[in-house]
Amino acid sequence: MEYILILLTALIIINLSAKVNKLEGRMKKMQYTLDHVTKHSEIPENPLNDELRKLIKEGQDVKAIKKVRDEWGLSLIEGKEYIDKLKSEK
């Protein structure tokens, strides 16, 4: 009986992992499309980015991550990735 529960749990975990991976792929594709559309349109950049770039320039990456997390409700990883993306655009 225990083996059946372990097997069932493993199958559920594998299924959930596959779904998460699929969603991450879809999100990356959507982000690419959104970046592409933004570059070719007249949509102004979010004013928060100017504040974040200023903090990055001052070497205050942690404050920049905290700011973007507070403003947009991002997770720590998402906030760091966003700041890293802004840093790479220099």
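One can find the structure itself at the top, above this paragraph.
Thresholds applied
Residues numbered from 1 in each chain as written. Predicted model: local features only at pLDDT ≥ 70, side-chain atom pairs only at ≥ 80, totals over all residues. Heavy atoms only, no water. Axes fitted to C-alpha atoms, helices over the stretch in contact; angles between N-to-C directions. Helix = DSSP H or I, 4+ residues; strand = E, 2+ residues; numbered from the N terminus. Parallel < 35°, antiparallel > 145°, perpendicular 65-115°, else oblique. Left-handed = near helix turned anticlockwise from the far one by under 90°. Contact = heavy atoms within 4.5 Å. Nonpolar A, V, L, I, M, F, W, Y, C, P; charged D, E, K, R; others polar. Phe/Tyr/Trp six-rings, centres within 6.5 Å; stacked < 30°, edge-to-face > 60°. Buried < 20%, exposed > 50% of the residue type's maximum accessible area, 1.4 Å probe, protein only.

(A) Inspection of the packing of helix α2 (residues 48–57) against helix α3 (residues 61–72) at higher detail. Running from N to C, α2 and α3 point in directions that differ by 160 degrees, and their axes come no closer than 8 Å. Taken together, the axis directions place α2 and α3 in an arrangement best described as roughly antiparallel. For the pair α2 and α3, the crossing hand works out as right-handed. Contacts between α2 and α3 involve L48, N49, E51, L52, L55 and I56 from the former and D61, K63, A64, K67, V68, E71 and W72 from the latter. Tallied by class, residues from the contact of α2 with α3 come to 7 nonpolar, 1 polar and 5 charged.

(B) The arrangement of the packing of aromatic side chains in detail. Summed over all chains, the structure comprises 1 aromatic pair. Each ring, one from W72 and one from Y82, has its centre 5.1 Å from the other, and the planes form 85 degrees; the classification is edge-to-face. Here W72, found in helix α3, pairs with Y82, found in helix α4 (residues 76–88); they are 10 residues apart in sequence, far enough to count as distant. In this structure Y82 comes out as partly exposed when scored by relative accessible area, which is 22%.

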